[in-house]
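# Structural overview for review
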Amino acid sequence: MKKLLGVALGILTAIGGFVDIGDLVTNAVVGSRFGMSLAWVVVLGVVGIVLFASMSGRVAAVSGRATFEIIRERLGPRAAGANLLASFAINLLTLTAEVGGIALALHLASSVEPRLWIPVAALAVWLVLWRVKFQVMENVAGLLGLLLVGFAIALFQLGPDWGELLRQAVPPSPPGTEHPASYWYYAVALFGAAMTPYEVFFFSSGAVEERWTAKDLGTNRLNVLLGFPLGGLLSLAIAACAAVVLLPAGIEVSSLSQIVLPVAQAGGVLLLAVVILGIVAATFGAALETALSSGYTLAQYLGWSWGKFRRPARAARFHLTMIVALLVAVGILMTSVDPVAVTEMSVVFSAVALPLTYVPILVVANDPAYMGRHVNGRVANALGMVYLVIVVVAAVAAIPLMIATGAGS
Amino acid sequence: MRALARRADHQGVTQQTGRRRLAAAGLALVVTLAALLAGTGCVASRQEPGQATAAVADALAEAGSAGETARIAVGLLDEGRVTGPVADTVLLDQLRVLDDAESALTTLVPPDAASSARRTTGLDAVGDVSDAVVAARAWVAARSGGDLASHDVPASSDVLLAELATALDATDAALAEAGGP
């Protein structure tokens, strides 16, 4: 019974932790401009993140070491260094977007200027990182993030023409009013949002924090196989809400406040409050994960003592890295840069960095020296190779598409 | 000893040749930049008529989106489906969008009379939407207990929604004229 509860909790936190500010903004923007015609990208991204998260979780559970430690050992300091530079930069950008997301959600609830919320949000993130245990932190943020299910409830209450939504989604093609280049730009952005690199670093380091062993592989598989696809459904619900309410009115999403209007229309103040709380929790949880990922990647590469299972004094450089990353994020946001614009940049640059993150995981997951009999099977490798091609194409296309479309405008 | 001297001579010649090549490359770069500046720097900023019209259409589409968002927010607040702070934040965000749209139009240099007329019409339409959203914000503030002079605040949401509808009609007309959807 205890094990069953543990599995259920893992799945629920995986669902609640799936959506972050990148998913929220990108899905709403896409829904308001392209309807459900990019739903296939969410499906593609979810399958990809399921594949690679389960791979990195397996690596951590079998070897007892986090992915980045093994990447450095297996690929050497130069290749791993390049990986670290790209991952750390994207991570920092994502952390900035998440802290900005918390501030925007609090601004929405209170009407108080977001720049006043930014230091408060960062301080709260740091306090949790400093004081709260890993498991408590992960479970509370994940469970509260489940409140985003309000988008799915809103969708049902709006009573959309399901046939029309399906027609938009299948066969996928850009609407006549949009340029194909913009369509593909947002396809890459959506893919980057679903497969954000920090998720796998957090997932594998989290496995070490929770002391997973080969016996936990089944639980890992269940969490990923059920939790992430259900989280993906939340992403689709966000896009569908925008497609039902905002698209027909000719509204292009450019702020977080527009994203919640369909929810208010469907469920009134109560559902709106639930969803705003869910947004705060989802962005807060993602800010914790990205801040931790900054510490994890740097500490694992440089061989520092790391982990929340250690007292901060025994992993001082790991904690210092997170503090510096948070301060940089606050500094960037205090320049008055639009957090939504930062979010859009972060998902596109995530797409650029995808091969650097996922190629080494595939290499390590196939190395019997680390994995023993738990190396990738044929299906995982075939899918991995297919995704390798997709992530390389997305990475190569991201910047040219960004320039050609003026960042999708 | 001689070998060392020969090597030193050879190094000196190589360094001299390297410096000459560097100077030649620098000179070529300066000449290229000067030519580029002479070709482009003496002409005032300008756009093709099609580009100008597209820029007007983009700004009007943004203004239309902001106006529609404001209309939904006012309607929802009137029905009690959103709170005052949420409606205020929505409207504030839309004022920023309208500010960007207005800025895009004011900084546009129209290449011909037709584009100039479209820009003027566009500026009027964006201004009307901005006025309506500003009025909506005052209405939200008054509804939430703000102490505003009665002449600054629309009498009811119906008046406000009518004002927004008129402004949005003008935006749609200007957008259609600029070749928008």
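## Observations concerning the overall build of chain B
Check the secondary structure of chain B and you find five helices and zero strands. In chain B, buried positions account for 34% of the 181 residues. If you take every contact in chain B between residues at least 6 apart in sequence, the share linking residues at least 24 apart comes to 77%. Put simply, chain B shows about 10,200 Å² of open surface, and 57% of that area lies on carbon and sulfur atoms.

## Points about the environment of A:L277
All names here are of chain A. When you line up the elements, L277 lands in helix α13 (residues 261-302). The class of L277 is partly exposed, set by a relative accessible area of 47%. As a C-alpha pair, L277 and N376 span 99 residues in sequence and 40 Å in three-dimensional space.

## A closer look at a negative patch on the surface
On the surface, A:E252, B:D58, B:E62, B:D99, B:D100 and B:E102 cluster together into a patch of negative charge. Breaking the negative patch down by element, the ones donating at least two residues are α2 (49-78) and α3 (84-106) of chain B. Ranked by residue count, the leading element in the negative patch is α3(B), at three residues. Residue position: B:D100 is located in helix α3.

## Quick word on the side chain of A:S350
Tracing the backbone through its elements, the reader meets A:S350 in helix α15 (residues 339-365). Ignoring sequence-local partners within four residues, the contact set of A:S350 consists of A:I90, A:T94, A:G192, A:T196 and A:P197.

## Describing the pattern of salt bridges
Tallying each qualifying case throughout the model produces ten salt bridges over all chains. As a salt-bridge pair, A:R33 and A:E178 come within 2.8 Å of each other at their nearest N and O atoms. Here A:E178 lies in the loop between α8 (162-169) and α9 (180-194) and A:R33 lies in helix α2 (residues 21-34), a separation of 145 residues in the sequence. Classification of A:R33 by relative accessible area gives buried; the value is 8%. We classify A:E178 as buried; its relative accessible area is 16%. With a shortest N-O distance of 2.8 Å, B:D88 and B:R137 are connected by a salt bridge.

## So, helix α4 (residues 113-143) of chain B
Its 31 residues place the ends of α4(B) 45 Å apart at the C-alpha level, agreeing with the 45 Å of an ideal helix rising 1.5 Å per residue. Immediately beyond the C-terminal end of α4(B), within one or two residues, lies B:G145, with a positive phi of roughly 100°.

## Concerning the interface of chain B and chain A
Across the contact, 19 residues belong to chain B and 24 residues belong to chain A. Both faces considered, chain B and chain A share a buried interface measuring about 1,700 Å² in area, 63% of it formed by carbon and sulfur atoms. On the surface where chain B and chain A come into contact, there are zero salt bridges. Here chain B is connected to chain A by eight residue pairs in polar contact (both at pLDDT 80 or more). At the level of elements, α2 and α3 of chain B are the ones that each hand at least two residues to the side of chain B that touches chain A. Element by element, the count of residues in the side of chain B that touches chain A is highest for α3(B), at ten residues. A class-by-class count of the residues in the side of chain B that touches chain A yields eight nonpolar, six polar and five charged.

## Structural notes on the packing of aromatic side chains
Residues and elements named next belong to chain A. In total, this model carries 16 aromatic pairs over all chains according to the counting rule given. For the ring pair F52 and Y358, a centre distance of 4.7 Å and an interplane angle of 50° mean the geometry is tilted. A residue pair is termed long-range when its members are at least 10 positions apart, and F52 in helix α3 (residues 39-63) and Y358 in helix α15 qualify at 306 residues. Y358 matches F52 in its accessibility class, with the two residues each being buried.

## Some details on the nonpolar core
Residue and element names in this part refer to chain A. Residues F52 and F151 are the most contacted members of the largest nonpolar core, which totals 186 residues. Here this core takes 20 residues from α13, the largest share from any one element. When near neighbours in sequence (up to four residues on either side) are disregarded, F151 contacts L24, A237, I238, C241, I259, V263 and V275.

## Focus: the confidence of the model for chain B
In low-pLDDT regions, the fine details of the predicted coordinates are not to be read closely. Mean pLDDT for chain B: 82, with 77% of residues reaching 70 or above. Averaged pLDDT values for the elements of chain B fall to 63 in helix α1 (residues 2-40) of chain B and rise to 95 in α3(B).

## Comments concerning α2(B)
A rise of 1.5 Å per residue sets the reference length of α2(B), with its 30 residues, at 44 Å; its end C-alpha atoms lie 43 Å apart and thus fit the reference within 8%. The first or second residue beyond α2(B) is B:G80, which carries a positive phi of 75°.

## Some words on the environment of A:I259
Residues and elements named next belong to chain A. Positionally, I259 belongs in helix α12 (residues 256-259). We classify I259 as buried; its relative accessible area is 3%. Counting along the chain gives 65 residues from I259 to A194, while the straight-line C-alpha distance between them is 18 Å. With residues up to four places along the chain from it excluded, the contact list for I259 reads L24, V25, A28, F151, I238 and V253.

## Looking at a nonpolar patch on the surface
Residue and element names in this part refer to chain A. A cluster of nonpolar residues, V43, V47, V379 and L383, forms a patch on the protein surface that exposes about 320 Å² of accessible area. Considering the arrangement of structural elements, one finds V379 in helix α17 (residues 378-405). Owing to a relative accessible area of 63%, V379 belongs among the exposed residues under this scheme.

## Here we look at unusual backbone geometry
All names here are of chain A. With an omega of -10°, the peptide bond between V170 and P171 qualifies as cis. Residue placement: P171 occurs in the loop between α8 and α9. We note that R211 has phi near 55°; this positive angle belongs to a residue other than glycine. For R211, the position within the fold is in the loop between α10 (197-209) and α11 (217-246). Overall, the relative accessible area of 57% leaves R211 in the exposed class. A positive phi angle, close to 75°, is found at S336, a residue other than glycine. The topology assignment puts S336 in the loop between α14 (316-333) and α15.

## Some words on the confidence of the model for chain A
Chain-level pLDDT for chain A is 91 on average; 99% of the residues reach the 70-or-more range. Highest mean pLDDT in chain A belongs to helix α7 (residues 150-158) of chain A (97); lowest belongs to helix α1 (residues 2-16) of chain A (74).

## Some remarks on the environment of A:N366
Residues and elements named next belong to chain A. Relative to the elements of secondary structure, N366 occurs in the loop between α15 and α16 (368-371). When the C-alpha positions of N366 and V328 are compared, they lie 37 Å apart, and in sequence the two are 38 residues distant. Once you skip the residues sitting within four places of it in the chain, N366 turns out to touch V375, N376 and N381.

Conventions used here
Residues numbered from 1 in each chain as written. Chains lettered and ligands numbered in written order. Predicted model: local features only at pLDDT ≥ 70, side-chain atom pairs only at ≥ 80, totals over all residues. Heavy atoms only, no water. Helix = DSSP H or I, 4+ residues; strand = E, 2+ residues; numbered from the N terminus. Buried < 20%, exposed > 50% of the residue type's maximum accessible area, 1.4 Å probe, protein only. Contact = heavy atoms within 4.5 Å. Areas by Shrake-Rupley, 256 points an atom, 1.4 Å probe, with all protein chains shown as cover. Patch = residues over 30% accessible without salt bridge, like charges linked within 9 Å, V, L, I, M, F, W, Y side chains within 5 Å. Salt bridge = Lys/Arg side-chain N within 4 Å of Asp/Glu carboxyl O. Lys, Arg positive; Asp, Glu negative; His and termini not counted. Charge placed at Lys NZ, Arg CZ, Asp CG, Glu CD. Expected span 1.5 Å × (residues − 1). Buried area = accessible area lost by both parts, 1.4 Å probe. Polar contact = N/O pair within 3.5 Å; in protein donor to acceptor, adjacent residues only side chain to side chain. Nonpolar A, V, L, I, M, F, W, Y, C, P; charged D, E, K, R; others polar. Phe/Tyr/Trp six-rings, centres within 6.5 Å; stacked < 30°, edge-to-face > 60°. Core = buried A, V, L, I, M, F, W, Y, C linked by side-chain atoms within 4.5 Å. pLDDT = per-residue confidence, 0-100.

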